[in-house]
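Report on the structure
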Amino acid sequence: MTGRRDISFQRRLLRALVGIGVVTAALTCTLLIGFHFVTNRRVARADLETQVRMVAIHSEAALSFDDADVGAETLTAFRAHPAVVWAALYDGGGDLFATYDPLAAVPRGVNLSRLAQVLGGTGYLVLRADVTSDGQHLGAVVAAYDLSVVYNRLWRAIAMSLVAATAVVAGAVLLSLRLQRSLTVPLRELVATARRVSVRGDYAARARKRTQDEFGDLTDTFNEMLDRIESQQNELRRRNEEMQQLLYTVSHDLKSPLVTITGFAGLAREDVAQERYDQLEESLGHLGRAAGHMGRLIDNLLELSRIGRVRVRPEHIDTTRLAREVAAELEPRLAQHGASIRLQPDLPPVYADPVRLRQVFENLLTNAIKYGTGSGIDVIEVGGSREGDEARLWVRDHGPGIPDEHRDRVFTLFQRLHKTPDGTGVGLTIVAKIVEISGGRIGLEPTPGGGATFWFTLPSPSALPAEDTIEEVPAT
Amino acid sequence: MTDSKLLRFLLIEDDDAHASITMRSLQQNRVVNVVDRVADGEQALEYLKARGTPRPDVILLDLNLPKIGGHEILTRIKADPDLCTIPVVVLTTSDAEVDRVRAYRHHVNSYLVKPIDFERFRQLVRELSLYWGVWNQPPAGDPARPSDAEG
């Protein structure tokens, strides 16, 4: 069973418009035809009544003098009225006195109500007028009027009305088809686009805007919605890939020290069982280092995940003061490596989260101490300048540098160029993440004459309004 | 049963601890295998290309290596007409599908995941040297080929 709502919008529209057209045309035609018929009939009757009365007046003499010829002569006045098919003059006693019979088809003494059977045609209007003289009844005039003239006019009117009605309905259909196109084409287009998105998962699909009307607005809104869905989808995909990569590397890098721990534990147990103690010291050393490495790895990973969860509320930072504090904290490590830090005295101020910026300097400087020293020039330089709305800062070492082909991998999680006992491969990833969420960019270029220069940009304080709170966002 | 020939392994492994476990496991296997170890991809290719170094019987390859990654080394070895006949066994912590598929696509001879269990690690290395040292030698080179071929 199909209800009204199951029929397509297009068909319903067509039905409605044709229905309205037919009903309107039918009502108009009926009213017009009815009015036309009634009026015509009334006019014809009034006309004939006048005529019959006139003839009655003129027949007075003929009846008074009992002259049938004059009577017949008087009746010929009906000749002026072609629709009068028969007329007669009756005397005072009701006997036929004279007739007007232009068709010569009406037999004498015929019942006037049966005139249609005798003459054919659709119907006759029979009128009678008394002939009187000074209040004395002399006789009567009777005339039969052929109504086919009126009916013919009626049929013509009906025919014309039908033509007009057909034209109206045809017009309505044409109009509805045009309306339909303007309504259903954009609707179908939207449906097809929505289907492409839902069935094929093609989030790049867009509906074509055809008109500037409400459908145009709908199409625009629909496309804007798809834009949002698409960008969210891409973001989701990117995050998912990142997550997959993270899982892969985490599982590898966390497994690696476990292999070491179980391996050396096993070897040490064997050594003890066989009372061989020469390699025991080494085994225990490996065990301790692997456990320590794993601990640092977990700490760093927690730190990295915290950066993604904690909303950064930046503030105006005196970069020089902050860098000087970090350099002072690193003093013992610098002494260990026989290195030093040279700070540019006027580092450009930045608009960033101070805790995070401290971490950026700490990680970059630690990285430089670890991998950028030992080549003779063990001075790590920190500098910067203001460039438009941004501050550009850099940390430069004169160590062995990083070959071009590895430059892209440096910021990737767990990518290490050098195996050092305390490196986890997370430090530079943390730095890159902090710079990214602070609205800056990060990069690496070779130091002229050898070494690596890490640079990053951060917004300048004047570019943004100042706020100074860090809000903890609950972990999901 | 493994008295026919001394096996020479080339161990390409950046992690000192893992290298140490693998080497000690290979050498404690009654027969003392010869193990040469290199710590990264560049050294591995230098070792294999150098004139003076002996040709290894089996290459044990870690995938997660600095400078030149394990997959790249595998591709280069298998593309080199002089080296492609040396069996390469990947020995890695990664049991990811992508790594496995990629390694087999580049004609690795075997793919082994380092177990987080010393006994299984030991067993793995024992089977490794038995398989590549005994079962996999040319028939002419080993007249005393054992009959139970399933290891």
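Read on for an overview of the structure. (Residues numbered from 1 in each chain as written. Chains lettered and ligands numbered in written order. Predicted model: local features only at pLDDT ≥ 70, side-chain atom pairs only at ≥ 80, totals over all residues. Heavy atoms only, no water.)

**Concerning the overall build of chain B**
Counting secondary structure elements, chain B contains five helices and five strands. The order of α-helices and β-strands along chain B, N terminus first, is β-α-β-α-β-α-β-α-β-α. Within chain B, the fraction of its 151 residues that count as buried is 51%. The contacts of chain B with a sequence gap of at least 6 include a subset with a gap of at least 24, amounting to 62%. Counting only carbon and sulfur atoms, one obtains 50% of the accessible surface of chain B, whose full area is about 7400 Å². (Helix = DSSP H or I, 4+ residues; strand = E, 2+ residues; numbered from the N terminus. Buried < 20%, exposed > 50% of the residue type's maximum accessible area, 1.4 Å probe, protein only. Contact = heavy atoms within 4.5 Å. Areas by Shrake-Rupley, 256 points an atom, 1.4 Å probe, with all protein chains shown as cover.)

**Things to note about the packing of aromatic side chains**
Residue and element names in this part refer to chain A. Taken as a whole, this structure holds four aromatic pairs over all chains when the rule is applied. Relative to Phe456, the ring of Phe361 has its centre 6.0 Å away and its plane inclined at 70°; by these criteria the two rings are edge-to-face. Placement of Phe361 in helix α10 (residues 354-371) and of Phe456 in strand β11 (residues 452-459) is noted, with a sequence separation of 95 residues between them. In terms of burial, Phe361 and Phe456 fall into one category: buried. Between the NZ or CZ atom of Arg392 and the centre of the ring of Trp455, over which it lies, the distance is 4.3 Å. Geometry around Trp394 places Arg396 over its ring, the cationic atom sitting 4.2 Å from the centre. (Phe/Tyr/Trp six-rings, centres within 6.5 Å; stacked < 30°, edge-to-face > 60°. Lys NZ or Arg CZ within 6 Å of the ring centre and 35° of its normal.)

**Points about helix α1 (residues 16-27) of chain B**
Residues and elements named next belong to chain B. The terminal C-alpha atoms of α1 lie 16 Å apart, and with 12 residues this matches the ideal 16 Å at 1.5 Å per residue to within 8%. For α1, the buried fraction is high: nine of the 12 residues fall into the buried class. Of the positions making up α1, those classed as buried are Ala17, His18, Ala19, Ser20, Ile21, Thr22, Arg24, Ser25 and Leu26. (Expected span 1.5 Å × (residues − 1).)

**Details of the nonpolar core**
Residue and element names in this part refer to chain A. Core analysis: the largest hydrophobic core is formed by 42 residues, its most contacted members being Phe361, Phe454 and Phe456. Only α7 (280-309), α8 (319-329), β7 (350-352), α10, β8 (379-387), β9 (390-396), α11 (427-437) and β11 provide two or more residues apiece to this core. The element contributing the most residues to this core is α10, with seven residues. If we skip the residues at most four places from it in the chain, Phe454 touches Leu364, Asn367, Leu393, Trp394, Val395, Ile402, Val410, Phe411, Leu428, Gly443 and Leu444. Formed by 26 residues, the second largest nonpolar core is a distinct cluster that contains Leu89, Ala129, Tyr145 and Val150. (Core = buried A, V, L, I, M, F, W, Y, C linked by side-chain atoms within 4.5 Å.)

**Thoughts on the layout of surface pockets**
Residues and elements named next belong to chain A. Considered as a void within the structure, the largest pocket measures approximately 980 Å³ in volume. What lines the largest pocket is a set of 26 residues, and nearest its centre among them are Glu242, Leu246, Leu304, Gly308 and Lys433. Elements with a contribution of two residues or more to the lining of the largest pocket: α6 (214-273), α7 and α11. In terms of residue count, the dominant contributor to the lining of the largest pocket is α6 (eight residues). Each residue belonging to the lining of the largest pocket can be placed in one class, and the counts come to 14 nonpolar, six polar and six charged. (1 Å grid on protein atoms, 1.4 Å probe; cavity = no way out; pocket = protein on both sides within 12 Å on 5 of 7 lines; lining within 4 Å. Points joined across faces, edges and corners; volume = space filled by probe spheres on them. Nonpolar A, V, L, I, M, F, W, Y, C, P; charged D, E, K, R; others polar.)

**Topic: the side chain of B:Lys114**
With respect to the helices and strands, the residue B:Lys114 is situated in the loop between β5 (110-113) and α5 (118-135). Reaching out from B:Lys114, the side chain makes a polar contact with the side chain of B:His18 at a distance of 2.9 Å. In contact with B:Lys114, other than residues within four places in its own chain, are A:Val259, B:Glu13, B:His18, B:Asp62, B:Leu91, B:Thr92, B:Thr93 and B:Phe121. (Polar contact = N/O pair within 3.5 Å; in protein donor to acceptor, adjacent residues only side chain to side chain.)

**Focus on the sheet that holds strand β3 (residues 58-61) of chain B**
All names here are of chain B. Strand order in the open sheet made by the five strands is β2-β1-β3-β4-β5, with parallel pairing throughout. Bordering the open sheet on either side are β2 (34-38) and β5, each of which pairs with just one other strand. Adjacent strand axes in the sheet meet at a mean angle of 20°, parallel and antiparallel pairs treated alike. (Pairing = 2+ DSSP bridges. Axes fitted to C-alpha atoms, helices over the stretch in contact; angles between N-to-C directions.)

**So, the packing of α7(A) against α11(A)**
Residues and elements named next belong to chain A. It is at 10 Å that the axes of α7 and α11 come closest, and there the two elements cross at 10°. With respect to each other, α7 and α11 are oriented roughly parallel. Contacts between α7 and α11 pair Asn300, Glu303, Leu304 and Ile307 from the former with Thr429, Ile430, Lys433, Ile434 and Ile437 from the latter. (Parallel < 35°, antiparallel > 145°, perpendicular 65-115°, else oblique.)

**Describing helix α3 (residues 70-79) of chain B**
Residues and elements named next belong to chain B. Within the sequence span of α3, burial applies to Gly70, His71, Ile73, Leu74, Ile77 and Lys78. One face of α3 carries all of its buried residues, which in axial projection span an arc of 160°. Packed against the buried residues of α3 are β1 (8-12), α2 (41-49), β3, β4 (88-92) and α4 (97-105). (Arc of directions from axis to C-beta.)

**Examining a nonpolar patch on the surface**
On the surface, a cluster of nonpolar side chains totalling about 230 Å² of accessible area is made up of A:Phe9, A:Leu187 and A:Leu218. With respect to the helices and strands, the residue A:Leu187 is situated in helix α5 (residues 148-200). (Patch = residues over 30% accessible without salt bridge, like charges linked within 9 Å, V, L, I, M, F, W, Y side chains within 5 Å. Salt bridge = Lys/Arg side-chain N within 4 Å of Asp/Glu carboxyl O.)

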